[in-house]
Number of protein chains: 2
Amino acid sequence: MNFPTKLVEDVVTEISKLPGIGKKTAMRLALHLLKADEMTSIDLASAIVNFRTKTRFCQSCHHISESELCSICSNSKRDSSVICVVEDSRDVLAIEDTLQYNGLYHVLGGVISPMSGIGPEELNIPKLLERASHESVKEIILALSPNMEGDTTAFYLSKRLVDKQVSISSIARGIPVGGELEYTDSITLGRSIMKRTIYQ
Amino acid sequence: MNFPTKLVEDVVTEISKLPGIGKKTAMRLALHLLKADEMTSIDLASAIVNFRTKTRFCQSCHHISESELCSICSNSKRDSSVICVVEDSRDVLAIEDTLQYNGLYHVLGGVISPMSGIGPEELNIPKLLERASHESVKEIILALSPNMEGDTTAFYLSKRLVDKQVSISSIARGIPVGGELEYTDSITLGRSIMKRTIYQ
């Protein structure tokens, strides 16, 4: 792409470093900013810098935080006997949105994926083992995506946690609410029959 | 969405003001920035502010520029007797990339679209009429997208330009290079037969 000016080239290069944004999309976003009020760009830039420089990861659960402990870990009303293990902070937000969980979290920062060169040592696992050793912890819920990487990571964690005094559970898998039997893949359908629950 | 901190909420709100980016994508981008080096965010923010505060539109053709006239309008080697009318600056970049055109441009900043509330008065048309009145201009090429809005705008411009001493042309429409006859829609195919060219 031939850029009309160096500033355009710089902004397109920087924006297209973001995941999932190519040069053409970056150019479209840059033109949008140019047409909008100057304050739109200044507000965007300062929000990015403020966020990046003042946000860190919770020392206990590795969730997004502004202080040493995140708002969930430091909330005494949460049930500290249960830890829900998730891939990243977006999963914490998704589970929080359900309003169905009152325990703590542990953000791994990824899943084991040999294809992407991510092994257990890249993940936030030692801190999880340390937390699981604490006598107040009774249950670890593995809430990882039901795919190859998620299943591998769950299996690895279950092996590492086996000597701790905690029960290990996994989120229920089955047919999603609103899903139709005939369009469900056979593995999900098979599992949903094997792991059937008492009708209430 | 429940945000873990105010800074996260601010950055997600600002990023999701960009066209085509929703809150979930904005959250993904914010997490990416948080995992990346702090300089990535600072470079991104300063590129945005630099671009927005130092870039303006060319006073003649309304293309992106750093000075009063853009690099194309101020280039004496370009053929100033031809003006190619386009919707926005991205079209200029696309045509420049073909290396097939050596004239000047005129960026309308949009097309007539009653559905989006954009009428002729929102577009950069008076300056085009002024440029077309200049005796050195011999041809106006209408290079607008072949859809309802583009065709409407081209028709409107041709009516406004009819009393000027310029010939008005339109970019060729037909079957794209690499396209297959049997999968081409009938309007395009019909036009490509009506507007057939001498075989060379």
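As shown above, the structure is provided for reference.
Residues numbered from 1 in each chain as written. Chains lettered and ligands numbered in written order. Predicted model: local features only at pLDDT ≥ 70, side-chain atom pairs only at ≥ 80, totals over all residues. Heavy atoms only, no water.

Draft legend 1. Highlighting the interface of chain A and chain B. Of the residues lining the interface, 55 residues belong to chain A; the matching set on chain B comes to 55 residues. Between chain A and chain B, roughly 5,300 Å² of surface is buried when both sides are summed, and carbon and sulfur atoms account for 75% of that area. When the area that chain A buries against chain B is broken down by residue, the three leading residues are Leu34(A), Phe51(A) and Arg52(A), summing to 14%. Taken together, the connections running from chain A to chain B amount to one salt bridge. Notably, a salt bridge pairs Arg52(A) with Glu38(B), separated by 4.0 Å at the nearest N-O pair. The tally of links between chain A and chain B comes to six residue pairs in polar contact (both at pLDDT 80 or more). Counting residues per element, the ones that place at least two in the side of chain A that touches chain B are helix H1 (6–15), helix H2 (23–35), helix H3 (38–54), strand S2 (64–65) and helix H4 (89–98) of chain A. (Contact = heavy atoms within 4.5 Å. Buried area = accessible area lost by both parts, 1.4 Å probe. Salt bridge = Lys/Arg side-chain N within 4 Å of Asp/Glu carboxyl O. Polar contact = N/O pair within 3.5 Å; in protein donor to acceptor, adjacent residues only side chain to side chain. Helix = DSSP H or I, 4+ residues; strand = E, 2+ residues; numbered from the N terminus.)

Draft legend 2. Expanded view of helix H1 (residues 6–15) of chain B. Within the span of H1(B), buried status applies to Leu7(B), Val8(B), Val11(B), Val12(B), Glu14(B) and Ile15(B). Here the buried residues of H1(B) occupy an arc of 165° about the axis, which is enough to place them on one side. Packed against the buried residues of H1(B) are H3 and S2 of chain A together with helix H2 (23–35) of chain B. (Buried < 20%, exposed > 50% of the residue type's maximum accessible area, 1.4 Å probe, protein only. Arc of directions from axis to C-beta.)

Draft legend 3. Broad picture of the packing of H1(A) against H2(A). All names here are of chain A. Contact geometry for H1 and H2: axes closest at 8 Å, N-to-C directions at 120°. With respect to H2, the element H1 is oriented oblique. Of the two possible hands of crossing, H1 and H2 adopt the one that is right-handed. Across from Val8, Val11, Val12, Thr13 and Ile15 in H1, the residues of H2 making contact are Lys23, Ala26, Met27, Leu29 and Ala30. Across the contact of H1 with H2, the residue classes break down as eight nonpolar, one polar and one charged. (Axes fitted to C-alpha atoms, helices over the stretch in contact; angles between N-to-C directions. Parallel < 35°, antiparallel > 145°, perpendicular 65-115°, else oblique. Left-handed = near helix turned anticlockwise from the far one by under 90°. Nonpolar A, V, L, I, M, F, W, Y, C, P; charged D, E, K, R; others polar.)

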